[in-house]
Amino acid sequence: MGWTDHVIWWHVYPLGFVGAPIRDWAGPAGPAAADAADRHRLDQVTAWLDHVVALGANGLLLGPVFASATHGYDTLDHDHIDPRLGTDDDLDALITAAHDRGVRICLDGVLNHVSAGHRLAVQALAEGPDGTYADWFRIDWDAPGGPRPAVFEGHDGLVELNHANPAVRDWAVGFLDRWTARGVDAWRLDAAYAVDPEFWADVLPRVRAAHPGTWFLAEVIHGDYPQFVRTSTVDSLTQYQLWKAVWSSLADRNFFELDWALRRHDEFCATFVPNTFVGNHDVTRITSQVGPDAAALAIVVLATVAGIPSLYAGDELGWTGEKTDGWGGDDAVRPPFPPAPDPGAWSDAQARTFRLHQDLLGLRRRHPWLVRARTQPLELTNTRYVFQTASDVARLVVELDLTETPRAQVRSGTGEVLLST
């Protein structure tokens, strides 16, 4: 087993976590620049590392940290940390503090697109079709009203790179190489599904050659997961099919959907180990989706099936938040956190939820074979689901019940009760 077989990620959206200005921000020269000056906000994430360890996680999966125009995914400068978070030295300090605690670091690599205000995009349009950077982007030079670059999913502020250009590929390798050399252990590849897998197949092996053991997680929502892994050479991808089945089977009282998804999950695991989750920065929080009692069952599933799990920060305290459409629709699921954890201020419900997460992550650590386990249904109705999760050396039996009050139980192969909600 490598280190990735043992990692459990705590997923943070940094700009929201530290309460940085987002909607009134327009890059380092924007109207909120003075508010960002000399603010070493990334230290606040460092202050939560002991919480990560106490929870039982050992990885910090960070959303975008590089200089951007607004929300982090409209990158302005891949060479420097966003001034709203601090300085490059602040990231170095966070990496060191994490590694001192045995916590791995994963950064968000946004390589499908850049901000429309990125200097290369601006220069490409200014210089015209014969310019140095004209072929770094896919630009319709004859569009009505003037040249128009291809944009990501209709967002005019997100200009897509031309991934077929060897210069763009070399630039991506350089970006990943520089930051990996500073101690980054892994990368989440944002919007990887929108990029030709051949781009990743060229870029990633070159980074691995310089930094063996680097792990690459692709954001992929729909499609043929195994084929994407094989073609792109990524190590893992986001298991959205299982995420959807977990919450909707609980909300709809239909465990047949979860059973179907776990059968598919087994098929995926024959090719790669997926990244499993029940929450992230782009979706409504699990407690808001299904309520606190059923949310406990979702965490039981996450802790007992194959995969490399990630927990979205705040879910371990039962936080709520609904994602909505429109500008600012992510705010509720990307809230500011206190400057440091204060267990004494937690409600009884929050303390119970945290303890459940601790117990489940502890159970998973005592059974490291779960990362590559296989599941088999033993009993299935709309409101009751019992499945076995097993390897060649051990097995667990997981019981989920929605018949009355949602409850779950995990037993060993010999019938010993290991955990009950």
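Per-chain numbering applies: the sequence of each chain, read as written, is numbered from 1 onward. Confidence filtering applies because this is a predicted model: local features only for residues at pLDDT of at least 70, side-chain atom pairs given and counted only at 80 or more, and all residues used for totals across whole chains, interfaces and linings. The basis for every side-chain value is the complete set of non-hydrogen atoms in the structure, without hydrogens or water.

A. Quick peek at the overall build of the protein. When its secondary structure is counted, the protein shows 14 helices and 20 strands. The globule rule used for comparison is 2.2 Å times the number of residues to the exponent 0.38, while the radius of gyration itself is calculated over C-alpha atoms. What you see for the protein is a C-alpha radius of gyration of 22 Å, in line with the 22 Å of a compact globule of 421 residues. By principal-axis analysis of the C-alpha atoms, the protein measures approximately 70 × 45 × 40 Å. Sorting the 421 residues of the protein into buried and exposed places 58% on the buried side. Only runs of H or I of at least four residues qualify as helices and only runs of E of at least two qualify as strands under DSSP, and these elements are numbered from the N terminus. Note on exposure labels: buried denotes an accessible area under 20% of the residue type's maximum, exposed denotes more than 50%, and partly exposed covers the range between, all computed with a 1.4 Å probe on protein chains only.

B. Focus on the pairing of strand 12 (residues 215-218). Burial along strand 12 is two-sided: Trp215 and Leu217 and Phe216 and Ala218, pointing in opposite directions, are all buried. When DSSP finds two or more bridges between a pair of strands, those strands are recorded as paired. As defined by bridge partners, strand 11 (residues 186-189) adjoins strand 12 across 4 bridges and the pair is classed as parallel. Along strand 12, the bridge assignment pairs arginine 188 with leucine 217. Here a crossover is taken to be right-handed if, once the strands point away from the viewer, the path from the first strand over the helix to the second is traced clockwise. In this fold, strand 11 hands off to helix 8 (residues 197-210), which returns the chain to strand 12; that crossover is right-handed. Between the parallel elements strand 12 and strand 13 (residues 236-237), the chain passes through helix 9 (residues 225-232) in a crossover that is right-handed.

C. Representation of helix 6 (residues 119-127). All of the buried residues in helix 6 are Leu120, Ala121 and Ala124. Along helix 6, the residues classed as buried sweep out an arc of 100 degrees about the axis, all on the same side. Along helix 6, exposed side chains directed more than 90 degrees from the buried face belong to Arg119 and Ala126. Only heavy atoms enter the contact rule, under which two residues are in contact if any of them lie within 4.5 Å. Where helix 6 is buried, its residues touch strand 6 (113-115) and strand 7 (139-140). The arc in question is the one spanned by the directions pointing from the helix axis to the C-beta atoms.

D. Region of the structure containing unusual backbone geometry. In the Ramachandran plot, alanine 191 falls in the positive-phi region, its phi being about 50 degrees despite a non-glycine side chain. By relative accessible area, which is 1% here, alanine 191 ends up buried. The residue threonine 233 is not glycine, and still its phi comes out positive at about 75 degrees. Assessed through its relative accessible area of 26%, threonine 233 is described here as partly exposed.

E. Fine view of the pairing of strand 2 (residues 59-62). Residues Gly59 and Leu61 line one face of strand 2 and the alternating positions Leu60 and Leu62 line the opposite face, and both faces are buried. Where strand 2 lies against strand 5 (residues 104-109), 3 bridges are found, and the strand directions are parallel. If you follow leucine 61 over to strand 5, its bridge partner there is cysteine 106.

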